[in-house]
Amino acid sequence: RQLWRYAVRELKYSEKKVTLLLNFPELKHGSLEEALPGMNHSPRFVCLANIRPQKDHHTLLDAFERVLKVYPQAQLYFVGGDYGDEYLAGVQAHIKRIDSENKHVHLLGSRNDVSAILDSCHAGVLSSISEGLPVALLEYGLSGLPVVCTRVGECPEVLQEGRLGWLVEARDSVGLAEMMVTVVSEDASVFERANKYHEEVKKKYSKESAVATILKAYGVSCC
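Cut-offs applied
- Residues numbered from 1 in each chain as written.
- Predicted model: local features only at pLDDT ≥ 70, side-chain atom pairs only at ≥ 80, totals over all residues.
- Heavy atoms only, no water.
- Salt bridge = Lys/Arg side-chain N within 4 Å of Asp/Glu carboxyl O.
- Buried < 20%, exposed > 50% of the residue type's maximum accessible area, 1.4 Å probe, protein only.
- Helix = DSSP H or I, 4+ residues; strand = E, 2+ residues; numbered from the N terminus.
- Expected span 1.5 Å × (residues − 1).
- Arc of directions from axis to C-beta.
- Contact = heavy atoms within 4.5 Å.
- Polar contact = N/O pair within 3.5 Å; in protein donor to acceptor, adjacent residues only side chain to side chain.
- Pairing = 2+ DSSP bridges.
- Axes fitted to C-alpha atoms, helices over the stretch in contact; angles between N-to-C directions.

### What about the pattern of salt bridges?
Going through the model one piece at a time under the given rule, you end up with twelve salt bridges. As a salt-bridge pair, D113 and R111 come within 2.8 Å of each other at their nearest N and O atoms. On the basis of relative accessibility, which here comes to 15%, the residue R111 falls in the buried class. E161 serves as the salt-bridge partner of R151, at 2.6 Å between the closest nitrogen and oxygen. One end of the pair, R151, is in the loop between β5 (147–150) and α6 (155–158); the other, E161, is in the loop between α6 and β6 (166–168), and ten residues separate them in sequence. The exposure class assigned to R151 is partly exposed, which follows from its relative accessible area of 34%. Connected through salt bridges with shared partners, the residues R1, E154 and E157 form a single ionic network.

Okay, here's the thing in structure tokens:
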């Protein structure tokens, strides 16, 4: 939406000439490529995000260290590519500090079985300090996971200011930990909110909706 506003306000295009195309998730269903480490323990959190500074893995690790005090068997999976850089080294060192025996935090790298990983977890988390409209957030919803996310970019709008998920300020590890504990509490309200988000993603952020938007923008009638 920020780009849409820029095109209209700064580039002076007519609103009728600018179309906003929302991101949409598409998950390929299948089985796990291999069993997840710690899969027999719970709760299991997943973070779909490449290992880069904007995703702020350090705040999530600080939060998870607090979660472990409530759930000593908790697991955290990072799924996403890395650049073999200084930031990755910092994340690896941080993991070593809070999980010296490698029993709780797992860097899985890029995976082709994302859907199966999401189905194996209890909650999705994003701790970013900046975002647009992250596809990962939509993938969590498509998989029916309760979501904890930082209040950045279009995340608050996607989650309807917290009515469809749990929002926390960026770099707030204490608040993030509290929300992570909340979403795995098995309270009925957690499942209700996650189900509502699932339906919202299917309705508003589907591939079919994106195709319809494109066809309308070009004045093409659907077959």
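### Structural notes on helix α3 (residues 86–98)
Spanning 13 residues, α3 covers 19 Å between terminal C-alpha atoms, matching the ideal 18 Å at 1.5 Å per step. Those residues of α3 that sit buried are Y87, L88, V91, H94, I95 and I98. Down the axis of α3, the buried set is contained in an arc of 120°. They therefore lie on one face. For α3, exposure combined with an orientation more than 90 degrees from the buried face picks out E86, K96 and R97. Considering only its buried residues, α3 is in contact with α2 (57–70), β2 (75–79) and β3 (105–109).

### Concerning the side chain of R111
Its place among the elements puts R111 in the loop between β3 and α4 (114–119). In this structure the side chain of R111 is engaged in a polar contact, spanning 3.5 Å, whose partner is the side chain of E33. A polar contact of 2.8 Å, which involves the side chain of R111, links it to the side chain of D113. Every residue in contact with R111, bar those within four places of it in the chain, is listed here: E33, E34, L36, V79 and I117.

### Structural notes on the sheet that holds strand β4 (residues 123–126)
With respect to topology, six strands assemble into an open sheet ordered β3-β2-β1-β4-β5-β6, the strand pairing being parallel. Each edge of the sheet is formed by a strand with only one pairing partner; in this case those strands are β3 and β6. Averaged over all neighbouring strand pairs, the angle between strand axes comes to 20°, with direction disregarded. As paired elements, β4 and β5 share three bridges and run parallel to each other. When the sheet's bridge partners are listed, L126 is paired in β5 with C149.

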